[in-house]
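# Commentary on secondary and tertiary structure
Below are the chains, spelled out letter by letter.
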Amino acid sequence: MIQKKNHGDLRIVLEVWRQNGPGAPGAFEEHEVMANEHMSFLELLDVLNEQLVESGKEPFVFEHDCREGICGSCAMTIDGKPHGPRDRTTACQLHMREYRNGDRVRVEPWRANAFPVVKDLMTDRSAFDRIQQAGGYVSINTGSAPDAHAIPVNKENADMAFDAAACIGCGACVAACPNASAMLFTSAKLSQYTLLPQGQPERDQRALAMVDQMDAEGFGNCTNHYECEAACPKGISVTNIARMNREYARATLRRRN
Amino acid sequence: MNSFIRFLNSSIGRKYVMAVTGLSLTLFLLVHMAGNLTIYAGNEAFNEYADLLESNPLLPLAEAGLLGLFVVHVLFAVLLTGKNKTSRTDRYQANLGMGAKTVASTTMWITGPVLLVFLIIHIWDFRISKELMKEYDLAQMVVDRLRHPVGFMIYSGAIAMVGLHMWHAFQSAFQTLGVAHPRYRALIQNTGRLITVLLVAGFGGIPFYLFFTG
Amino acid sequence: MTIADSPNSSPRLDSKVPGGPMDERWSRHKFDLKLVNPSNRRKFDVIVVGTGLAGGSAAATLAEMGYNVKSFCIHDSPRRAHSIAAQGGINAAKNYKGDGDSVHRLFYDTVKGGDYRSRESNVHRLAEVSVDIIDQCVAQGVPFAREYGGLLDNRSFGGAQVSRTFYARGQTGQQLLLGAYGAMNRMIHAGRIDSYTKREMVDLVVVNGVARGIIVRNLVTGEYERHAAHAVLMCTGGYGNAFFLSTNAKNSNVTAAWRAHKRGAFFANPCYTQIHPTCIPRSGDYQSKLTLMSESLRNDGRVWVPEKEGDPRAPQDIPESERDYYLERKYPSFGNLVPRDVASRNAKTVCDQGRGVGPTGEAVYLDFGDAIRRDGKDAIAARYGNLFEMYERITGDNPYEVPMRIFPAVHYTMGGLWVDYNLESTIPGLFVLGEANFSDHGANRLGASALMQGLADGYFVIPATIASHLAGRQLEAVSTNDDAFKEAEAKARERAEKLLACNGNRSVDSLHRELGNTVWNYCGMERTAEGLQEGIAKVRDLRAEFWSNVKVNGDPNHVNQDLEKAGRVADFMEFAEVMFNDALVRDESCGGHFRAEHQTEEGEARRDDENFAHVSAWEFTEEQKLPTEHREQLTFEEVKLTTRSYK
């Protein structure tokens, strides 16, 4: 990793994926952009898009919103690495000081059949929502909750639940997985509720429902490479996958039908 | 029954099958290796051990069980790999990854089939062929086979494949079974590597010993 | 006497605040409200626009009650709404620490913190339901920070004198939002909510004076869709992006609120904007947004600038005697911990004097040198390690060695669509929740209160008050083929076509950036009558420039982010003028609105309670015309009006 300390502009050659829709043929387009070391990677794409607009061309489509690493919108594979070369960093928090003058950078969308390309770098990640809809919640109606202090929660479990809950749903785990598996994502949510007393009543049902939905969406299987953990901008641990495996087996043994 | 079939149809259930059969096969390999080591004590010791095994009336049952384990392991490997290959049909143009995957983890689908081919050769070599013979000296067969350059290459190569396969498989099986408390992650990984080294040294020592002392 | 009866209030602004003792008003009001029978609820369709804390919680709760909910968001998933970025925490008057907190104290602090420009009854209700919010979120499995005994941890936040802030590390907003998202998911799964993602509300449909639907543009296919309902809830956030650079997400916008405004919803107090003092400064013209760092940094960091103007030396080369710790100098008792607005304004003052630091001259130092020498590097790392890391990631500077550079940035907007006690706007059937309404924060929002308000509105207020509309009015059937829908859709299409047809020379971003500069310079931290008038002229010129010279490329029938942006910026261009106007008419200083003409000798805000203790709500009249001002007089029955002092 190169840390450029002196102020200065960098010439970057970008190769960005252009694709008009799911199933449409795609290709890289090459553009030269002047960057500044303080820019974020998305700001570099902003500059590129502004150049394109001004010369009458169509800007590249990419998802982005909060630009502070928490909304999970931005999703792009930079030189084969989801969110780029820096550990625990989303593309919006990746800064150009990681690069050298003259670098050539390839930007591609997440590639997984469960995440079809909508346009350019934008993919359809609604499969994640459907997994959550299958069971990623505690079924409690508003207004019927007991006092917040009614059930003490072991601090270690609460902290582990938080670690799992920190998932931003960006999809980098799927993008990084050689099998395009969504197990890190699914297991993170499942772990959060498995570790908390509030999640216990629906524990078995939740594990079965979320895993079944995950399978139905066409994600691959986990073969324990742990690329997902390495790519996760929030450092979600693969321990969660082990927990999900266990939970799923347990739920299978306990189910009544 | 219904829920069991559902389990076997799920991604996690199939991985469980891989893990359970894989760990059972590991156990078998350890026993197999221990038996092989008798060759260091000379041909007679080796043949005695073989006779002991073959005279056990439960052997056909054990063999059938073993065959079952292999068949299931291979079948589910095919199912899982098939699914994984279709989960990303548009491949990355630049795919360096994040550096977590290893040579062992990414070559499971190569080492697996290679080992299957080896297994067929091996079973033909030492199991089926001797059924066709009236009389045989098993230890001598081993010695002849492994002193021949081709035999030496096949067997030592296959053991390297076992090592590569196991390097990833052991901890992977524990992760799949859900035994992965952060505190034990390193322990499991190291145990797996130790067993792998033991297997490679135990099995692999023999062809080298025979080849270079013959 | 209800507040609506008090003098000076416009008859158009009936706040519907119930009478009686303050702490019984909400219960009584709930009792007096009409109810919708459970078996009748399924006959009512409710549209909820936005899926942040307010929208997500409202959609889930209304669906649980049995209403048919249609939820809309501009993101690809409801989970990405910008509530997710809130860091600090959520206030609740639980008094779990036994340090003397109570509903009344939270109410009192919030009214005072808002510089006496909020509606007392609303704030009291907010304080009352704050405790229920925590119960609800814990039951949902929100992983709040806990103590070793297993109970919830609290901290004191934003200068509050009690520990009432519940938090989930630095990601409280995310965890609360995911809780609401989970509740929504449950209802989507049950078929009670239809979730429409990647839809942007481009108009409100009003039939016979009642809000009965919306027009949305499908951001993937470019199609326009008509959706009808019995009520419309707008939970579409604030308008901070009028400044271009803010801590808001890039897609946050005023469009939904502005279109509703043009259909008859009054816009209240648009000049109330909150500037947060500890943001990472801008580094160049390419900057797309600003990043907030937790205010807690001011507990240990010392703020300073060089004594000399334009001092070129590196901070470590400037001797102690040539540094001006201006906050400590001016406010000896509060020092670096003065409220957000005071800290922000002072930073601007020293930068205007030419003493700002960094490449742009728009920053001040926040120095941890003394704290590190006093407590050791490890102690400081334990407190702020993640913030220091974030700072280094963005700036490339190591704050353990070099002082941080900070500058204020727009963070939250207290103004919004005017609503009554039922959260209903001046258009019957249109309810506005969360940051989108003008609500409960008066002229200044306290830390950890935004999350509280969003969830209060969605989980606890609207589920009760929506019945006033659904059960209280005769709502005839409407069809999306009615003329009102056709007209609204045609108008929306026409606007998009007009934008695409401009084919000028300037990108949308360049025009937005210019607008942002104008708003920041003339209607930012410090405002003057003269500057505001100049600003209005500039905004008008810029609007003309926009419509004659904007360039929008691409296909209107597919994803077209440029077209999306263009539509939003066009609305900001119109909205900004109302904002300037409001700031001009409010001839006093209060909270986030600082008029340089109205300050004490020490440079503090001087309120004019006699003439300005009211809400200004603006009514749209016609294009290019000034809106009409309506006033809702604020009365203070519980809290005494005093002047804030931090000396």
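Residues numbered from 1 in each chain as written. Chains lettered and ligands numbered in written order. Predicted model: local features only at pLDDT ≥ 70, side-chain atom pairs only at ≥ 80, totals over all residues.

### Here we look at the overall build of chain A
Looking only at helices and strands, one finds eight helices and seven strands in chain A. Structurally, chain A occupies a C-alpha span of about 65 × 40 × 40 Å along its principal axes. Here chain A holds 257 residues, and 63% of them are scored as buried. Considering only contacts in chain A between residues 6 or more positions apart, those separated by 24 or more positions represent 72%. (Helix = DSSP H or I, 4+ residues; strand = E, 2+ residues; numbered from the N terminus. Buried ≥ 20, exposed ≤ 12 C-beta atoms within 10 Å, placed from the backbone. Contact = placed C-beta atoms within 7 Å.)

### Let's talk about the overall build of chain B
Along its length, chain B carries nine helices and zero strands. Starting at the N terminus and walking to the C terminus, you meet the elements of chain B as α-α-α-α-α-α-α-α-α. Dimensions of chain B, computed from C-alpha atoms along their principal axes, come out at roughly 55 × 45 × 35 Å. Relative to all contacts within chain B whose residues are 6 or more apart in sequence, the contacts with residues 24 or more apart total 82%.

### So, helix 1 (residues 25–32) of chain C
All names here are of chain C. When helix 1 is considered as a whole, its buried residues turn out to be R25, W26 and H29. Take helix 1 and look down its axis: the buried residues cluster within an arc of 95°, on one side only. Here the buried face of helix 1 lies against helix 5 (120–139). (Arc of directions from axis to C-beta.)

### Comments concerning unusual backbone geometry
Phi at N224 of chain A takes a positive value of approximately 60°, unusual for a residue other than glycine. Looking at the element boundaries, N224 of chain A is found in the loop between helix 6 (203–216) and helix 7 (227–231). With a phi close to 70°, L423 of chain C is a non-glycine residue in the positive phi region.

### A few points about the interface of chain B and chain A
At the junction of the two partners, chain B supplies 39 residues and chain A supplies 43 residues. When contributions to the side of chain B that touches chain A are tallied by element, the ones reaching two or more residues are helix 1 (2–9), helix 2 (11–36), helix 4 (59–86), helix 5 (103–106) and helix 8 (149–177) of chain B. Residue composition of the side of chain B that touches chain A, grouped by class: 14 nonpolar, 18 polar and seven charged. (Nonpolar A, V, L, I, M, F, W, Y, C, P; charged D, E, K, R; others polar.)

### Examining the domain arrangement of chain A
Reports of interface size often rely on the accessible area that becomes lost once the parts have come together. Residues and elements named next belong to chain A. When the domains of chain A are assigned, the result is domain 1 (9–108) and domain 2 (126–254). Here the C-alpha centre of domain 2 lies 30 Å away from the C-alpha centre of domain 1. Counting residues at the interface gives 11 residues for domain 1, matched by 10 residues for domain 2. For the side of domain 1 that touches domain 2, the per-class residue count stands at four nonpolar, six polar and one charged. (Domains from an automatic or database assignment.)

### Re the confidence of the model for chain B
Residue and element names in this part refer to chain B. The predicted model of chain B averages 94 in pLDDT, with 100% of residues at 70 or higher. Of all helices and strands in chain B, the one with the weakest mean pLDDT is helix 1 (91), whereas helix 2 scores best (97). Our summary of model confidence lists the complex with pTM equal to 0.96 and ipTM equal to 0.96. (pLDDT = per-residue confidence, 0-100.)

### Looking at the confidence of the model for chain A
When pLDDT is averaged along chain A, the result is 95; 97% of the residues meet or exceed 70. Low pLDDT, under 50, characterises residues 1–6 of chain A; the predicted model gives this stretch nine contacts beyond four residues in sequence or across chains.

### Quick look at the packing of helix 8 of chain B against helix 9 (residues 182–213) of chain B
Residue and element names in this part refer to chain B. Interhelical geometry of helix 8 versus helix 9 gives an angle of 170° and a closest axis separation of 8 Å. With respect to helix 9, the axis of helix 8 lies roughly antiparallel. Of the residues in the contact of helix 8 with helix 9, the class split is 16 nonpolar, seven polar and one charged. (Axes fitted to C-alpha atoms, helices over the stretch in contact; angles between N-to-C directions. Parallel < 35°, antiparallel > 145°, perpendicular 65-115°, else oblique.)

### Thoughts on the nonpolar core
One finds C173 and V174 of chain A together with L233, M234, V364 and L417 of chain C to be the most contacted residues of the largest nonpolar core, which totals 316 residues. Residues contacting L233 of chain C, with those up to four places away along its chain left out, are V46, I47, V48, V49, A58, F431, L433 and I462 of chain C. (Core = buried A, V, L, I, M, F, W, Y, C linked by C-beta atoms within 7 Å.)

### Description of the interface of chain C and chain A
On the chain A side, the residues contacting the 62 residues of chain C number 66 residues. Listed by contribution, the elements that provide at least two residues to the side of chain C that touches chain A are helix 3 (53–65), helix 5, helix 6 (172–189), helix 11 (377–395), helix 12 (450–470) and helix 16 (561–585) of chain C. Of the residues forming the side of chain C that touches chain A, the biggest block, nine residues, is contributed by helix 6 of chain C. In terms of residue class, the side of chain C that touches chain A is made up of 21 nonpolar, 26 polar and 15 charged.

### Description of the sheet that holds strand 16 (residues 416–417) of chain C
Residue and element names in this part refer to chain C. The antiparallel open sheet is built from four strands, whose spatial order is 16-10-18-19. The open sheet has two free edges, formed respectively by strand 16 and strand 19 (628–633), since each of these has just one partner strand. For strand 10 (residues 267–268) and strand 16, the ladder comprises two bridges, and the chain directions are antiparallel. For A268, the partnering residue across the bridge sits in strand 16 and is G416. (Pairing = 2+ DSSP bridges.)

### Describing the arrangement of the chains
In this assembly, two pairs of chains are in contact, and the pair contributing the most contacts is chains A and C. What separates chain B from chain C at the closest point of their C-alpha atoms is a distance of 19 Å, and the two make no contact.

### A closer look at the pairing of strand 9 (residues 231–234) of chain C
Residue and element names in this part refer to chain C. Here strand 9 shows a buried face lined by A231 and L233 and a second buried face lined by V232 and M234. Across three bridges, strand 9 lies against strand 17 (residues 430–432) in parallel orientation. Bridge pairing in strand 17 places L233 opposite F431.

### Remarks on the environment of M18 of chain B
Residues and elements named next belong to chain B. On the secondary structure map, M18 appears in helix 2. Under the C-beta neighbour-count criterion, M18 is labelled buried, with 25 such atoms within 10 Å. In sequence terms M18 and A173 are 155 residues apart; their C-alpha atoms lie 7.6 Å from each other.

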